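Each chain, letter by letter, is given below.
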Amino acid sequence: MISKNITCTVPKANFLPERIERLNDLAYNLWWSWNPEAVTVFSKINPVLWDSVSHNPVAFLQQVSRSMLNQVSNDKQYLILFDQTIEAFDAYMNKKETWFMQKYPNIKDKTITYLSFEFGLHESIPAYAGGLGILAGDHLKESSDMGLPLVAIGFIYNQGYFVQKITEDGWQETSNFYLDYKKLPMIPLQDEKGKDVLIAVQLPGREIKARVWQINVGRIPLYLLDTTVNENTPYDQQLTAKLYTSDLETRISQEILLGVGGVRLMRLLGYNPAVWHMNEGHSAFLSIERCLELVKQGKTFDEAAEIVRKGNVFTTHTPVPAGNDRFPVWLVEKYFHQIWPELGLTHDQFINLAKEESSYGDQFTMPILALRLSDHCNAVSELHGMVSRDMWHFLWPDRKVADVPITHITNGVHSFSWLSRRMGILFDRYLGTEWRENPDNPEIWEKVDLIPDAEIWAVKRHQKRKMARFINDRARAQWLTGTVHPVQTLAAGVLLDSDALTIGFARRFPTYKRGYLILHDYERLLRLINNVDTPVQILFSGKAHPADEPGKLIVQQLYRAIKDHRSGGRLVFIEDYNMEIARYLVQGVDVWLNTPRRPNEASGTSGMKSAMNGGLNFSILDGWWHEGYNGKNGWSIGSEKQYDSTEKQDAEDALSLYEILEERIVPLYYSNRSDANIPTGWMMKVKNAIRTLSPQFCTRRMVSDYVRNMYIPAIEER
Ligand SMILES: *Cc1c(COP(=O)(O)O)cnc(C)c1O
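Each value, and the rule that gives it
Residues numbered from 1 in each chain as written. Predicted model: local features only at pLDDT ≥ 70, side-chain atom pairs only at ≥ 80, totals over all residues. Heavy atoms only, no water. UniProt positions renumbered as here; feature names shortened; annotations may be inferred. Domains from an automatic or database assignment. Near = heavy atom within 4 Å. Polar contact = N/O pair within 3.5 Å; in protein donor to acceptor, adjacent residues only side chain to side chain. Areas by Shrake-Rupley, 256 points an atom, 1.4 Å probe, with all protein chains shown as cover. Helix = DSSP H or I, 4+ residues; strand = E, 2+ residues; numbered from the N terminus. Nonpolar A, V, L, I, M, F, W, Y, C, P; charged D, E, K, R; others polar. Contact = heavy atoms within 4.5 Å. 1 Å grid on protein atoms, 1.4 Å probe; cavity = no way out; pocket = protein on both sides within 12 Å on 5 of 7 lines; lining within 4 Å. Points joined across faces, edges and corners; volume = space filled by probe spheres on them. Patch = residues over 30% accessible without salt bridge, like charges linked within 9 Å, V, L, I, M, F, W, Y side chains within 5 Å. Salt bridge = Lys/Arg side-chain N within 4 Å of Asp/Glu carboxyl O. Core = buried A, V, L, I, M, F, W, Y, C linked by side-chain atoms within 4.5 Å. Buried < 20%, exposed > 50% of the residue type's maximum accessible area, 1.4 Å probe, protein only. Expected span 1.5 Å × (residues − 1). Pairing = 2+ DSSP bridges. Axes fitted to C-alpha atoms, helices over the stretch in contact; angles between N-to-C directions. Lys, Arg positive; Asp, Glu negative; His and termini not counted. Charge placed at Lys NZ, Arg CZ, Asp CG, Glu CD. Right-handed = clockwise from strand over helix to strand, strands pointing away.

Taking an unreviewed UniProt entry as the reference, the protein is identified by name as glycogen phosphorylase belonging to Flexilinea flocculi. The record held by UniProt for the protein lists under Sequence similarities (unreviewed entry) the comment "Belongs to the glycogen phosphorylase family." UniProt annotates the protein under Cofactor (unreviewed entry) with the comment "pyridoxal 5'-phosphate".

Caption draft 1: Focus on the domain arrangement of the protein. Assigned domains of the protein: these are domain 1 (9–94), domain 2 (112–325 + 366–411 + 703–717) and domain 3 (416–697). For domain 1 and domain 3, the distance between their C-alpha centroids amounts to 34 Å.

Caption draft 2: View of the site of the ligand. Within the structure, the ligand sits among 14 residues, and Arg507, Lys513, Thr605, Ser606 and Lys609 are positioned closest to it. Here an oxygen atom of the ligand and a side-chain polar atom of arginine 507 are 3.0 Å apart. Threonine 605 has a polar backbone atom sitting 2.6 Å from an oxygen atom of the ligand. Protein chains bury 96% of the 390 Å² of accessible surface belonging to the ligand in isolation. Taken together, the elements giving at least two residues each to the shell around the ligand come down to helix H8 (131–146), helix H26 (579–588) and helix H27 (606–612). Taken together, the residues of the shell around the ligand break down into five nonpolar, six polar and three charged. Mapping the shell around the ligand onto the domain boundaries places at least three of its residues in each of domain 2 (112–325 + 366–411 + 703–717) and domain 3 (416–697).

Caption draft 3: Molecular detail of the side chain of histidine 414. Structurally, histidine 414 is set in the loop between strand S15 (407–408) and helix H18 (415–418). Among the polar contacts made by the side chain of histidine 414, one reaches the side chain of aspartate 145 at a distance of 2.8 Å. Discounting chain neighbours no more than four positions away, the residues touching histidine 414 are Trp34, Asp138, Lys141, Glu142, Asp145, Met612 and Thr699.

Caption draft 4: Seen up close, the layout of surface pockets. Of the volumes computed, that of the second largest pocket is approximately 890 Å³. Every residue lining the second largest pocket is counted, 32 residues in all, and those nearest its centre are Asn35, Tyr92, Phe416, Arg436 and Glu437. The set of elements that each furnish at least two residues to the lining of the second largest pocket consists of helix H2 (36–43), helix H6 (76–94), helix H7 (99–103), H8, helix H19 (421–431) and helix H20 (434–437). No other element matches the five residues that H6 contributes to the lining of the second largest pocket. Split by residue class, the lining of the second largest pocket holds 12 nonpolar, 10 polar and 10 charged.

Caption draft 5: Here's a closer look at a nonpolar patch on the surface. On the surface, a cluster of nonpolar side chains totalling about 220 Å² of accessible area is made up of Leu490, Val494 and Leu495. Position of leucine 490 among the secondary structure elements: in helix H23 (residues 486–494).

Caption draft 6: Up close: the nonpolar core. Ranked by size, the top nonpolar core spans 244 residues in total, and within it Leu23, Phe350 and Tyr711 carry the most contacts. Sequence-distant contacts of phenylalanine 350, defined by excluding residues within four places in its chain, comprise Ile288, Val332, Phe336, Trp340, Leu343, Leu345 and Phe364.

Caption draft 7: Inspection of the UniProt feature "modified residue: N6-(pyridoxal phosphate)lysine" (unreviewed entry) in the protein at higher detail. Taking the numbering used here, the UniProt-annotated feature "modified residue: N6-(pyridoxal phosphate)lysine" (unreviewed entry) corresponds to Lys609. Summarising the element assignment, lysine 609 is placed in helix H27. Assessed through its relative accessible area of 5%, lysine 609 is described here as buried. Once you skip the residues sitting within four places of it in the chain, lysine 609 turns out to touch Ile134, Val413, Trp418 and Val586.

Caption draft 8: Structural view of helix H31 (residues 699–717). With 19 residues, H31 extends 25 Å between its outermost C-alpha atoms, agreeing within 8% with the 27 Å of an ideal straight helix rising 1.5 Å per residue. Summarising burial for H31: 14 of the 19 residues are buried, a large majority.

Caption draft 9: Broad picture of the sheet that holds strand S11 (residues 326–328). Judged by pairing direction, the sheet is antiparallel, and its three strands sit side by side in the order S11-S13-S12 without closing on themselves. A single partner strand is all that each edge strand has here, and the edge strands are S11 and strand S12 (355–356). Alignment of S11 against strand S13 (residues 363–365), held across three bridges, turns out to be antiparallel. Paired with arginine 326 across the strands is threonine 365, a residue of S13. Taken strand by strand, helix H13 (residues 329–336) contacts S11 and S13, and its axis lies near 85° from that of S11.

Caption draft 10: Seen up close, the UniProt feature "domain: DUF3417" (unreviewed entry) in the protein. Here, UniProt's "domain: DUF3417" (unreviewed entry) annotation points to residues 16–125. For residues 16–125, the helix share is 52%, the strand share is 5%, and the end-to-end C-alpha distance is 24 Å.

Caption draft 11: Focus on a negative patch on the surface. Together, Asp302, Glu303, Glu306, Asp375 and Glu717 make up a negatively charged patch on the protein surface. With three residues, the single largest contributor to the negative patch is helix H12 (residues 301–311). Its place among the elements puts glutamate 306 in helix H12.

Caption draft 12: Broad picture of the pairing of strand S18 (residues 571–574). Here S18 shows a buried face lined by Leu571 and Phe573 and a second buried face lined by Val572 and Ile574. In this region the chain leaves strand S17 (residues 536–541), passes through helix H25 (residues 549–563) and returns to the parallel neighbour S18; the handedness of that crossover is right-handed.

Caption draft 13: Up close: the pairing of strand S8 (residues 220–226). Most of S8 is tucked away: seven of the seven residues are buried. Every second residue of S8 is oriented toward a common face, with Ile220, Leu222, Leu224 and Asp226 on one face and Pro221, Tyr223 and Leu225 on the other, all of them buried. Sheet topology note: the strand S2 (residues 150–155)/S8 ladder contains four bridges and is parallel. Each residue of the ladder has a partner; that of isoleucine 153, found in S8, is tyrosine 223. Relative to S8, strand S7 (residues 206–217) is paired through seven bridges, and the arrangement is antiparallel. For tryptophan 213, the partnering residue across the bridge sits in S8 and is leucine 224. Taken together, S7 and the strand that follows it, S8, pair antiparallel across an intervening segment of two residues, in which glycine 218 is found at a positive phi of about 60°.

Here it is in structure tokens:
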């Protein structure tokens, strides 16, 4: 914290024995979540409770019995582990020679503020819907590892995204829940008198307030805004209840709170950020607030905009025009009519900052606002860069498409959050622990070839069995509730076979991801999965947005196939996809399937998580896979041509999908087995995948790119 008047005191668990009191510090910093030893420090105390609180250490410490705590505080073995972990934690938090300090010793005091609608940090903090949020969470974890002077702003949604339940007929239902803030690692920001710190923004006819919670992500503070305070009307308290509501008034109010409120929060806490990084356009109103600050200091709007642009970084994630966040002009007028005169602008000048003409009336489009007021803009993969320059070309009509100022930085994943513990240990043995310091160094990864097939195979088999047990346990727990039909328990995976070739398909279910593609020729699929000698099973998981009827129909179509007795229990749907399920799947499956309608997948990241865990990607050459695939480290589906008919595209892609599965993937897995029954050809591909993809698609490479190509130029331009 910069401001001296504001405190952020970790709530104390009241009965921890003194010797292990610092368990509380671990519980209130997400560092534990990407350090397997720290996980053991909690789980060893009471493994059953650890699982039953969904690996949430704050809830765990509230519920664990005093006698068990006393017991471990006298257990020599435990105390060794405890002391080592605390030492590692302190060393991490106090490290001076970080990547950033070494590279940029002169610019350490410049703050980078990162704003996002969603953050996926851990399954116990449901502030995410999908890939965008996971990316933001991984960005923070990596920034912490690298020692970036970064702070982040987002929301805590007290009703999260939603809980998914599938009815017997395959229809997705949503059930609500309320978060218990006391069970989250959130620390309230308070003033000297112990009162909650509040920020305020104007909405039509009223001012609304938000309190601020801090979550520590290693060294990075994440500030979460929350309107459930008495100062607000009950209606306004609902403003931060849910992520991605379809109600436009709520949506614009949330975006004003994040953008305008985000700037005010930074001022209140005493930060003077040099860089403002908008993860998607949801926070783009921050530029309006920053221009207003400068206009009030005597600048003209144009001068102000010039300054604001220099420090702004904007990352776009949406290659589909319809997917962009936009508001009808009348709504923006309602919320901003007092602002444009203050900025010295006319109505038209203000609306033109983000105006997009469309057949259903003029729109105020948030990515346009962000693009117009940022000097540093990027898409999230090479292909997405091309698509974005084309899509936004109309904003720069005088330029050639190639000169539209949107570059790309391909996404990555935080290796330590997604890699299985055992695979990490295997890498330590054959690559040396250097890979942990420099996960993006391809030379270190060359040594993957030294790992004996049998060892990778053993880890994979272990992870696959672990995944099967996890899925079985969930199915059993659901059956035990007495609320589901037996066929739903079957669909939940009780017939899983740990020896069968296992394919995973897990992600959100918008139509462009074509979750239905594998069903295109259902009879052919049945023949494939039910072959007695070479069985195949496919695990599905994912949520459709509650307002996305076509998405829910895809889930239903899949679920009906899964329930069909002819699929023999080899198709499975795991309800309520979250980061925990994602971890088990990316670590356990043999093949990671992705079938987006090209070129609609901006990047995709789940395949990267699977690759470093020894899974083989089988995907359309879209998003990151267009860069990652080299002919030897997985498989591609379909061709890179452009289609004008979606039916034709689906038919051709499906055909390619079946052919490659039947002729290449299944045979490679089941034939050419060594004496020890290991598929040697398969293992060659697995090693190629780990070696080539791990260094290229990790967040270390991604965040270095952001620092070098966006943050440092933004700081230096100022
Ligand atoms: C990684 C991840 C995603 C992103 O999946 P894509 O296939 O990249 O769309 C979504 N949800 C969860 C829970 C994830 O862990």
